[in-house]
Amino acid sequence: MRKYTMPMLLALLGPALAWAAPNPKLVMPEFPGLAQKASESVTITLDPTLLSMAGRFLDGNDPQDAATKEIIKGLRGIYVRSYTFDKDTEYAQSDIDAVRSQLSAPGWNRLVETHSRKTRANVDIYIMIDHDQAVGLALIASEPRQFTIVNIIGAIDLDKLHKLEGQFGVPKLDIDESKTPAQEPRKERGSAPPPKS
Amino acid sequence: MNQDIESGMRSALRPVAPSDEFSRKLLARVAADPQARPKSYGLMPRSARPLAWWLATSLAACLVLAVGIERHLEQQRLQQSGLEARREVLQALRVTSQKLNLAFEAVKSQSTSLADEKPGL
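Keep in mind the model is a prediction, meaning the values are calculated, not measured.

Explain the overall build of chain A to me, using residue names and the numbers behind them.
The helix and strand inventory of chain A stands at 6 helices and 6 strands. Scanning chain A from its N terminus toward the C terminus, one meets helices and strands in the order α-α-β-α-α-β-α-β-β-β-β-α. A sequence separation of at least 24 residues applies to 62% of the contacts in chain A between residues at least 6 apart.

This is the structure we're talking about:
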């Protein structure tokens, strides 16, 4: 009888342990209504198979491709939903809340919560840590005319993720440096050029 | 008397080799009449064999070509999917990067404004 006790215990506890393990994959709503209203929408679903396939088509000699290859090496999934609208407040707060509510699950920690009065943009960054290793990242960005959700799954190296800055034509912010914007004026993205006198 | 009859019959029924003329005529008739020729034991007549060979070769060539085209198309499909996946990865990271920068920009501007306020305190 005793020899059956351990396997039975494992069989009973297995599903419970699996359920208890943190799951960094968010259930991404399809937002069919938003996709119709949006002037531009981005829906990206990259599972491990597609990520590894993409990795094979990234050129190691190209700096951008090499950086991307390095970033996606430990990832198991990238899911993006982004909608851009022609008018303000085309999306409801409940659309965001459907995703945000999942981030109250155990394992998720809010890393950054920002609100810009100037751009009226809110960006929340959540991270899931398991055994001192970041295993998931969720980003919710809501702007008056744009709404973006990003969910990255896998062994995320925050240093590598930080290297995303300056890539893809996005200006590098030099966060860790002591330079202030006053010392080195930086042109605002999307701002109009100064009028010619 | 019986012996005479027997020897007479033996001499009358002795094996006689056919004449050369008979053999020649027989072979000539066989050559002229196709039905008289011995039947082929193969699946098809001898005359159809080159055609069958060509058909088999063409069929094999078609099969090889079809497999080759299928593999080429499969390769193309794979390449297309790979390039599409690559494009999606780059786009996903671009979006992530933009939003991370938005957050970092907000954090930075907040810390800058705090630093600006400090000397005045």
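Right, picking up where we left off after that structure.
Tell me what's going on with the overall build of chain B, and back it up with residues and numbers.
Looking only at helices and strands, chain B features 3 helices and 0 strands. In chain B, the order of α-helices and β-strands from amino to carboxyl end is α-α-α. Counting across all 121 residues of chain B, residues that qualify as buried make up 13%.

Can you tell me about the confidence of the model for chain B, naming the residues and giving the values?
With 85% of its residues at a pLDDT of 70 or more, chain B shows a mean pLDDT of 83. This prediction of the complex comes with two scores: 0.66 for pTM and 0.73 for ipTM.

An account of the sheet that holds strand β1 (residues 40-46) of chain A is needed here, citing residue identities and associated values.
Residue and element names in this part refer to chain A. One open sheet holds the 6 strands; their spatial order is β1-β2-β6-β5-β4-β3, and the pairing between them is antiparallel. If you trace the sheet from one side to the other, it starts and ends with β1 and β3 (108-116), each paired once. Pairs of neighbouring strands in the sheet enclose a mean axial angle of 10 degrees, with direction left out of account. Along the sheet face, helix α3 (residues 48-56) touches β1 and β2 (75-84) and points at about 95 degrees away from the line of β2.

Could you give me a rundown of the interface of chain B and chain A, with the residues and numbers involved?
Taken residue by residue, the interface counts 27 residues in chain B and 35 residues in chain A. In terms of residue class, the side of chain B that touches chain A is built from 13 nonpolar, 8 polar and 6 charged.

Pulling in residues and values, what's your account of unusual backbone geometry?
Negative phi values dominate among residues other than glycine, just as trans dominates among peptide bonds. Residue and element names in this part refer to chain A. At Phe-31, a residue that is not glycine, the phi angle is positive and equals roughly 45 degrees. Looking at the element boundaries, Phe-31 is found in the loop between α1 (2-20) and α2 (32-37). In the Ramachandran plot, His-131 falls in the positive-phi region, its phi being about 50 degrees despite a non-glycine side chain. Inspection of the secondary structure puts His-131 in the loop between β4 (121-130) and β5 (133-143).

Tell me about the nonpolar core, and name the residues and values.
If you look at the biggest cluster of nonpolar residues, it comprises 40 residues, and the most contacted ones within it are A:Leu46, A:Leu51, A:Ala54, A:Ile78, A:Leu139, B:Val89 and B:Ala92. The set of elements that each furnish at least two residues to this core consists of β1, α3, α4 (63-72), β2, β4, β5 and β6 (146-154) of chain A together with α3 (49-117) of chain B. Among the elements that line this core, the one with the most residues is α3(B), at 9 residues. Ignoring any residue separated from it by four or fewer positions in sequence, one finds A:Leu46 in contact with A:Leu51, A:Gly77, A:Ile78, B:Ala85, B:Glu88, B:Val89 and B:Ala92. In terms of nonpolar packing, the next biggest core, distinct from the first, is built from 5 residues, A:Phe31, A:Ala38, A:Tyr91 and A:Phe147 among them.

So what about α4(A)? Which residues, and what values?
For α4(A), the set of buried residues is A:Thr68, A:Ile71 and A:Ile72. End-on view of α4(A): buried residues confined to an arc of 85 degrees, all on one side of the axis.

Explain the pairing of β6(A) to me, using residue names and the numbers behind them.
Residue and element names in this part refer to chain A. Of all 9 residues making up β6, 8 are buried, and the element is well covered by its neighbours. One ladder, built from 9 bridges, connects β2 with β6; its direction is antiparallel. Counted as the bridge partner of Leu-75 is Gly-154 from β6. Two elements, β5 and β6, share 8 bridges in a ladder whose sense is antiparallel. Looking across to β6, one finds that Ile-140 is bridged to Ile-149.

Just give me the short version of the environment of A:Gly55, but keep the residues and values in it.
Residue and element names in this part refer to chain A. Relative to the helices and strands, Gly-55 resides in helix α3. Separated by 17 residues in the primary sequence, Gly-55 and Ile-72 place their C-alpha atoms 7.6 Å from one another. If we ignore the near neighbours within four places in the chain, the residues touching Gly-55 are Lys-69 and Ile-72.

Can you lay out the pairing of β2(A) for me, pointing to particular residues and giving the numbers?
All names here are of chain A. Among the 10 residues that make up β2, 7 are buried, leaving the element largely enclosed by the rest of the structure. Two strands pair when backbone bridges link them, and β1 and β2 are joined in this way by 7 bridges, in the antiparallel orientation. Paired with Ile-44 across the two strands is Val-80, which belongs to β2.

Kindly report on the confidence of the model for chain A, identifying the contributing residues and their values.
The predicted model of chain A averages 77 in pLDDT, with 69% of residues at 70 or higher. The secondary-structure element of chain A with the lowest mean pLDDT is α1(A), recorded at 58, while β2(A) shows the highest, at 94.

The rules behind the values
Residues numbered from 1 in each chain as written. Chains lettered and ligands numbered in written order. Predicted model: local features only at pLDDT ≥ 70, side-chain atom pairs only at ≥ 80, totals over all residues. Helix = DSSP H or I, 4+ residues; strand = E, 2+ residues; numbered from the N terminus. Contact = placed C-beta atoms within 7 Å. Buried ≥ 20, exposed ≤ 12 C-beta atoms within 10 Å, placed from the backbone. pLDDT = per-residue confidence, 0-100. Pairing = 2+ DSSP bridges. Axes fitted to C-alpha atoms, helices over the stretch in contact; angles between N-to-C directions. Nonpolar A, V, L, I, M, F, W, Y, C, P; charged D, E, K, R; others polar. Core = buried A, V, L, I, M, F, W, Y, C linked by C-beta atoms within 7 Å. Arc of directions from axis to C-beta.

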